[in-house]
Amino acid sequence: MKNKPISSYLNVDEFKQTAEKSLPRMVYDYYASGSDSQVTLSENENYYKNIKLMPRGMIDVSRIDLKTSVLGVDLSSPIMIAPTAMQCMAHPRGELETYTAAKNLGSHMTLSSIATTSVEELSEHANGNPGWFQLYVFKERSVTINLVKRAEKSGFKALVVTVDTPFLGRREADFRNDFSLPHGLLLKNFADLPLNKVQGGLNKYIGSMVDSSLTWTDITWLRTITKLPILVKGIMSPEDAHIAVQNGVDGIIVSNHGARQLDTCPSTIEVLPHIVRAVNGRVPVLVDGGVRRGTDVLKALALGAKAVMIGRPVLWGLATAGHEGIERVMTLLSEELRLAMAFTGVTTVSAINSSIIWNPSSASKL
Ligand SMILES: Cc1cc2nc3c(=O)[nH]c(=O)nc-3n(C[C@H](O)[C@H](O)[C@H](O)COP(=O)(O)O)c2cc1C
């Protein structure tokens, strides 16, 4: 099937439609699915639609600057790439293409532990500066230590420790499809482990490797084996955010794992302001889940996020046209953001705050 020219794509959803038509059903379902009844999956996107932005007029918005930085990472726009597993199912060069897109755009990616490209391969492609590394803490601590050491040696600049996966959520489509890695692909960070010989039921096997006894003392333990900054990903509760900061983490990623873990939990944008309040500026707060429009990015920043991360939109771009597809997806989001900033009268990322969100109860009584 011939895809239409990339420049004719106008929004993230059009990329999703092409990905759905072109990817094998098992792969598309793996990427698209949420857990159980997928209530939170729709909520993540829909809650954004309930938040209203207030247009402002007569402000000089002839120049808009999208640049920002997060933990020493300079970004051309406050949109980063979330870690998603097994990207070579979407494109033969998978994670390498994703890196190329991030580099070309002045953005930034996080490599998944369960990637189809190893930390060493990505590092070589990235001239020793491959971004951040997402870490699952495995039961077998020697596997975790080994992975952290390899990530450090490969030039990764931070660890993103995912804390919402004591077990894998139930994604029914994966059971139906008996999800497994397509022939010829490997989880390259574990080339020596039996993991790569598993046929069906791959999710179950991965789930069984992850340590479900993880507690905050393990963050202290991680600190003893690495000097890299540690962000925790998968925080939804303000209490957890507070405890995370007390345990010395360097950043918080508000995430419900793209609605793939606990179904019927709140959307991420719903809890974001509560977490920002609990963290109280002590560390940067990022958010992911359901970001599909530039207006979503603006709302997340207005509610206190330093930047957003996107997961599936990147996979849809990658499946459609490799790095060029991702670049188009992210450029569209940035251009939408730029326009939304102009309409709400803000010209820099640092000037974005909650005053651009319509709140009838605190409306001025002029
Ligand atoms: C197909 C897929 C694979 C994912 N793999 C991982 C992973 O390996 N590690 C991780 O921490 N999060 C993983 N996530 C969660 C993402 O990092 C991110 O939280 C989520 O995709 C954001 O929601 P969005 O897809 O609506 O943008 C995955 C998400 C998807 C959709």
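Residues numbered from 1 in each chain as written. Predicted model: local features only at pLDDT ≥ 70, side-chain atom pairs only at ≥ 80, totals over all residues.

Could you clarify how one ought to interpret the site of the ligand in this entry?
If you check the shell around the ligand, you find 23 residues, and the closest are Ala 82, Ser 112, Gly 258, Gly 311 and Arg 312. Residue classes in the shell around the ligand are distributed as eight nonpolar, 11 polar and four charged. (Near = placed C-beta within 6 Å. Nonpolar A, V, L, I, M, F, W, Y, C, P; charged D, E, K, R; others polar.)

Explanation requested: helix H8 (residues 202–209) in the structure shown.
Those residues of H8 that sit buried are Leu 202, Asn 203 and Ile 206. The buried residues of H8 all sit within an arc of 100 degrees when viewed along its axis, so they share a single face. Check the buried side of H8 and you find it contacts helix H7 (172–176). (Buried ≥ 20, exposed ≤ 12 C-beta atoms within 10 Å, placed from the backbone. Helix = DSSP H or I, 4+ residues; strand = E, 2+ residues; numbered from the N terminus. Arc of directions from axis to C-beta. Contact = placed C-beta atoms within 7 Å.)

I'm lost on the packing of helix H4 (residues 94–105) against helix H13 (residues 312–344) in this one. Help?
The description of two helices packed together rests on the angle between their axes and the distance between the axes. For the pair H4 and H13, the least separation of the axes is 8 Å and the interaxial angle reads 10 degrees. Viewed along their axes, H4 and H13 adopt a mutual orientation that is roughly parallel. Here H4 contributes Glu 97, Thr 98, Thr 100, Ala 101, Asn 104 and Leu 105 to the contact with H13, which in turn contributes Val 314, Leu 318, Gly 322, His 323, Ile 326, Glu 327 and Met 330. Taken together, the residues of the contact of H4 with H13 sort by class into six nonpolar, five polar and two charged. (Axes fitted to C-alpha atoms, helices over the stretch in contact; angles between N-to-C directions. Parallel < 35°, antiparallel > 145°, perpendicular 65-115°, else oblique.)

So what exactly am I meant to see when it comes to the sheet that holds strand E5 (residues 132–135) here?
Sheet strands pair via backbone hydrogen bonds, and the direction of the pair is either parallel or antiparallel. An order of E3-E10-E9-E8-E7-E6-E5-E4 is seen for the eight strands of this open sheet, with the pairing classed as parallel. Edge positions in the sheet fall to strand E3 (79–81) and strand E4 (110–111), since each of these pairs with one other strand and no more. With four bridges joining them, strand E7 (residues 230–235) and strand E8 (residues 251–254) adopt parallel strand pairing. Along E8, the bridge assignment pairs Val 232 with Ile 252. (Pairing = 2+ DSSP bridges.)

Could you clarify how one ought to interpret the environment of Pro 78 in this entry?
Relative to the helices and strands, Pro 78 resides in the loop between strand E2 (73–75) and E3. According to the C-beta neighbour criterion, Pro 78 is buried, with 26 such atoms within 10 Å. A sequence separation of 215 residues divides Pro 78 from Arg 293, and the C-alpha atoms of the two residues are 13 Å apart. Those residues in contact with Pro 78 that sit more than four places away from it in its chain are Leu 66, Thr 68, Val 297, Leu 301, Ala 307, Val 308 and Val 349.

Keep in mind these values describe shape, not function.
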